[in-house]
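Single-letter residue listing:
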Amino acid sequence: MSFPGARRVAGWLFWVVFPALCLAAIAMAVVNVAVHIGDRPTGIRGSFVVSPRTCGQGICSFGGLFTSDDGSIKNLPLLGDPRWHSEDVHHVVYDPGSVEVTALPGHWDPTPSVIAALGGVTYLGLMGSLVRGSRRDREH
């Protein structure tokens, strides 16, 4: 079962829309990687000792005590990651403008950008191969 113009729509999708999306994905991946290279969380580095979770009326608090590496801040109560377990010690960065700590290394994960770029390059490579094969067939 097909509708009139199905081949035309499929052709536009394959030869125009998908390649444009691939180029956009590659461009966004390059920009994301370039922006995040060498990006490190800003703040005060130190250690965070997770204290027991406290829950009441369905709301839980995931806190602990922060101590800076240089000793200037000691036992500051802050919020941590809910996945951490009681009495765990984590190396973190504390931004004084926040009430939370960020686990180190705290670097951006490039995996989604790399996958998007590889998918775009693969599709464009397939298209190039098809165009090259079609030109070769016409010449012979």
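Remember, it's a predicted structure, so these values are computed and weren't measured experimentally. (Residues numbered from 1 in each chain as written. Predicted model: local features only at pLDDT ≥ 70, side-chain atom pairs only at ≥ 80, totals over all residues. Heavy atoms only, no water.)

1. Brief notes about the side chain of Ser-113
Move 1: Tracing the sequence through the fold places Ser-113 in helix 2 (residues 111–139).
Move 2: Here Asn-32 takes part through its side chain, which lies 3.4 Å from a polar atom of the side chain of Ser-113.
Move 3: Dropping the residues within four chain positions of it, Ser-113 is found in contact with Ala-29, Asn-32, Val-33 and Trp-108. (Helix = DSSP H or I, 4+ residues; strand = E, 2+ residues; numbered from the N terminus. Polar contact = N/O pair within 3.5 Å; in protein donor to acceptor, adjacent residues only side chain to side chain. Contact = heavy atoms within 4.5 Å.)

2. So, the sheet that holds strand 6 (residues 89–94)
Move 1: One open sheet accounts for five strands, arranged 5-4-1-6-7; its pairing is antiparallel. Sheet topology places strand 5 (76–79) and strand 7 (101–103) at the edges, where each strand pairs with a single neighbour. Taking the axes of each pair of neighbouring strands and ignoring which way they run, one obtains an average angle of 45° across the sheet.
Move 2: Direction of pairing for strand 6 relative to strand 7: antiparallel, over a ladder of three bridges. Looking at strand 7, one finds that Val-92 is bridged to Ala-103. (Pairing = 2+ DSSP bridges. Axes fitted to C-alpha atoms, helices over the stretch in contact; angles between N-to-C directions.)

3. Structural notes on helix 1 (residues 6–36)
Move 1: In a regular helix each residue adds 1.5 Å, so 31 residues correspond to 45 Å; helix 1 covers 42 Å between its end C-alpha atoms and thus fits that length.
Move 2: Of all the bends found along helix 1, the most pronounced is centred on Leu-13 and spans about 40°.
Move 3: Regarding helix 1, the residues found buried are Pro-19, Cys-22 and Ala-29.
Move 4: Close packing links the buried residues of helix 1 with helix 2.
Move 5: One or two steps after helix 1, the chain reaches Gly-38, where phi turns positive at roughly 75°. (Expected span 1.5 Å × (residues − 1). Bend = angle between axes of the 7 residues up to and from the residue. Buried < 20%, exposed > 50% of the residue type's maximum accessible area, 1.4 Å probe, protein only.)

4. A closer look at the packing of aromatic side chains
Move 1: Across all of its chains, the model carries five aromatic pairs by this definition.
Move 2: For the pair Phe-14 and Trp-15, a centre-to-centre distance of 4.9 Å together with 80° between the ring planes defines the contact as edge-to-face.
Move 3: A relative accessible area of 24% means that Phe-14 is categorised as partly exposed.
Move 4: What makes Trp-15 partly exposed here is its relative accessible area of 44%.
Move 5: For the pair Phe-14 and Tyr-123, a centre-to-centre distance of 5.5 Å together with 65° between the ring planes defines the contact as edge-to-face. (Phe/Tyr/Trp six-rings, centres within 6.5 Å; stacked < 30°, edge-to-face > 60°.)

5. Some remarks on a nonpolar patch on the surface
Move 1: A cluster of nonpolar residues, Phe-3, Val-9, Trp-12, Leu-13, Trp-15, Val-16, Val-17, Phe-18, Leu-21, Leu-126, Leu-130 and Val-131, forms a patch on the protein surface that exposes about 1100 Å² of accessible area.
Move 2: At the level of secondary structure, the elements contributing two or more residues to the nonpolar patch comprise helix 1 and helix 2.
Move 3: Broken down by element, the nonpolar patch gets its largest block of residues, eight residues, from helix 1.
Move 4: Structurally, Leu-21 can be placed in helix 1.
Move 5: Judged by relative accessible area, which is 52%, Leu-21 ranks as exposed. (Patch = residues over 30% accessible without salt bridge, like charges linked within 9 Å, V, L, I, M, F, W, Y side chains within 5 Å. Areas by Shrake-Rupley, 256 points an atom, 1.4 Å probe, with all protein chains shown as cover. Salt bridge = Lys/Arg side-chain N within 4 Å of Asp/Glu carboxyl O.)

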